[in-house]
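Examination of the molecular architecture
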Amino acid sequence: MATYYPLEGTSPPPSETVAVDGPVIRHIGFSDLLEALRLGWEDFKAVPSHAIVLCVIYPIIGILLWRMVLGYSVLPMLVPIAAGFALIGPFAALGLYELSYRRELGMDASAWHAFRVLRAPSFGSMLGLGALLLAIFVAWVVTAHAIYVSTYGDIPASAIPDFLTQVFTTSEGLRMIMIGLGVGFLFAAVALCISIVSFPLMLHQHADMSDAIQTSMRVVAKNPIAAAEWGLIVAILLTLGSIPFFLGLTVIMPLLGHATWHLYRKAIESPLTSSAHEPEQVEREQRYAADFPSVLLPPYGRKHRFFDSSD
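These remarks concern the structure in this document. This one's a predicted model, so the numbers in the text were calculated from it and none came from an experiment. (Residues numbered from 1 in each chain as written. Predicted model: local features only at pLDDT ≥ 70, side-chain atom pairs only at ≥ 80, totals over all residues. Heavy atoms only, no water.)

Considering helix α13 (residues 249-267)
Rules: Secondary structure elements are taken from DSSP: a helix is a run of H or I of four residues or more, a strand is a run of E of two residues or more, and numbering for both begins at the N terminus. Helix span is expected to be 1.5 Å times the residue number reduced by one. For each residue, the accessible area found with a 1.4 Å probe, counting protein chains only, is set against the maximum for its type, and the residue is called buried under 20%, exposed over 50%, and partly exposed in between.
Over its 19 residues, α13 runs 25 Å from end to end, which matches the ideal 27 Å to within 8%, given 1.5 Å per residue. Judged by how many residues are buried, α13 sits mostly within the fold: 17 of 19 residues are covered.

This is how it looks when you write it as structure tokens:
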């Protein structure tokens, strides 16, 4: 059973205001989704260089896949692999959540701050959920390949005359498209249910993997229409961002990453507190040359308090 995740410097809220099975889930609507996108766009405009640096891997992978298609005749797998980016995107956007988190706190947000997510107390849980999403991605690609083989056999696409024409104009091709869309929808729905707010929740409230997944599923269960609309928005934006050659993902992926943080803030009722993985400000004590070499030995070798005659 999920539990309440106390934040540093806060105490658990009264029992009558908190559900026994986790954080309080709010009702959200289409206007909240649009507001999350707007806030995500504001984050992107404020730190565009960071977002592009973090997400430039997407168009690079897309271009490499395109080259691979030309050289190795794996055209049927290009679309499934590209669509699969949506499955692992929530994990790839970890640094973007950190930047949006810092901006909401009124803190500086620079490229290097994105890597502070590596010090998050729940980073191990984030890796675990990321591995789960990667497994779903691999399963989707294998399934998509099986759908192609069931339609055309083991014949490479390059050996099929006018492959694209056959896909879009023949009954076999249309059947493959419909089956692929249906199965792909199921994979996308699973990924959405377990990750819609999981990573921001783990970053902000240090939830473990199982609690984060359960909370995400509760968000979807309480807001099924909004969750479906969000999935549709993601699918449309990723499709637009894939043209041409996935270069548009340098903008779309950062936008969706930042917007996901704000979607989490709207869906989960929780106080905004300073990040627990921020390095503490350590007060430096003055050292004097006259203290050497005794300063190297205890108690001078560790933090201590000096007394004067007035104490």
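Remarks on unusual backbone geometry
Even without being glycine, H206 reaches a positive phi, approximately 60°. Note that H206 resides in the loop between α10 (198-205) and α11 (209-222). On the basis of relative accessible area, H206 is assigned to the partly exposed category, the value being 25%.

Considerations on the pattern of salt bridges
Here is the rule we go by: Definition used for salt bridges: Asp or Glu carboxyl oxygen within 4 Å of a side-chain nitrogen of Lys or Arg.
For the structure shown, the criterion picks out four salt bridges. A salt bridge links E42 to K45, with the shortest nitrogen-to-oxygen separation between them at 3.4 Å. Of this pair, E42 and K45 both sit in helix α1 (residues 30-46), separated by three residues, roughly a single helical turn. Looking at E42, the relative accessible area reads 32%, which means it is partly exposed. Across the pair D43 and R103 runs a salt bridge whose closest N-O atoms are separated by 2.3 Å. Here the residue D43 occupies a position in helix α1, and R103 occupies one in helix α6 (residues 94-105), the gap between them amounting to 60 residues.

Here we look at the packing of helix α7 (residues 123-152) against α10
Stated precisely, the cut-off is as follows: Each axis is a line fitted through C-alpha atoms, and for a helix only the stretch in contact is used; angles between axes span 0 to 180 degrees, taken between their N-to-C directions. Each angle is binned into one of four classes, with values under 35 degrees roughly parallel, values over 145 roughly antiparallel, values of 65 to 115 roughly perpendicular, and all other values oblique. Should any heavy atoms of two residues lie within 4.5 Å, those residues are counted as being in contact. Each residue receives one of three labels: charged for Asp, Glu, Lys and Arg, nonpolar for Ala, Val, Leu, Ile, Met, Phe, Trp, Tyr, Cys and Pro, and polar for the others, Gly being one of them.
Put simply, α7 and α10 touch, their axes get as near as 10 Å, and they point 170° apart. On the basis of the axis angle, α7 is roughly antiparallel to α10. Two secondary-structure elements touch here, α7 through S125, M126, L129, G130 and L133 and α10 through S198, F199, M202 and L203. Along the lines of polarity and charge, the residues of the contact of α7 with α10 split into six nonpolar, three polar and no charged.

Examining the packing of aromatic side chains
The condition that has to hold: Each Phe, Tyr or Trp ring (for Trp, its six-membered ring) is paired with any other whose centre lies within 6.5 Å, and the angle between the two planes then decides the class: stacked below 30 degrees, edge-to-face above 60, tilted in between.
On inspection of all chains with the given rule, the structure shows six aromatic pairs. When the ring of W41 is compared with that of F44, the centres are 5.3 Å apart and the planes differ by 35°; the resulting orientation is tilted. In this pair, W41 and F44 both sit in helix α1, three residues apart, roughly one turn of the helix. On the basis of relative accessibility, which here comes to 8%, the residue F44 falls in the buried class. Here W261 and Y264 contribute two aromatic rings whose centre-to-centre distance is 5.4 Å and whose plane-to-plane angle is 50°, an arrangement assigned as tilted. Highlighted residues: W261 and Y264, both in helix α13, separated by three residues, approximately one helical turn. The class of Y264 is buried, set by a relative accessible area of 0%. Each residue in the set Y101, W261 and Y264 is aromatic and connected to the rest through ring pairs, giving one cluster.

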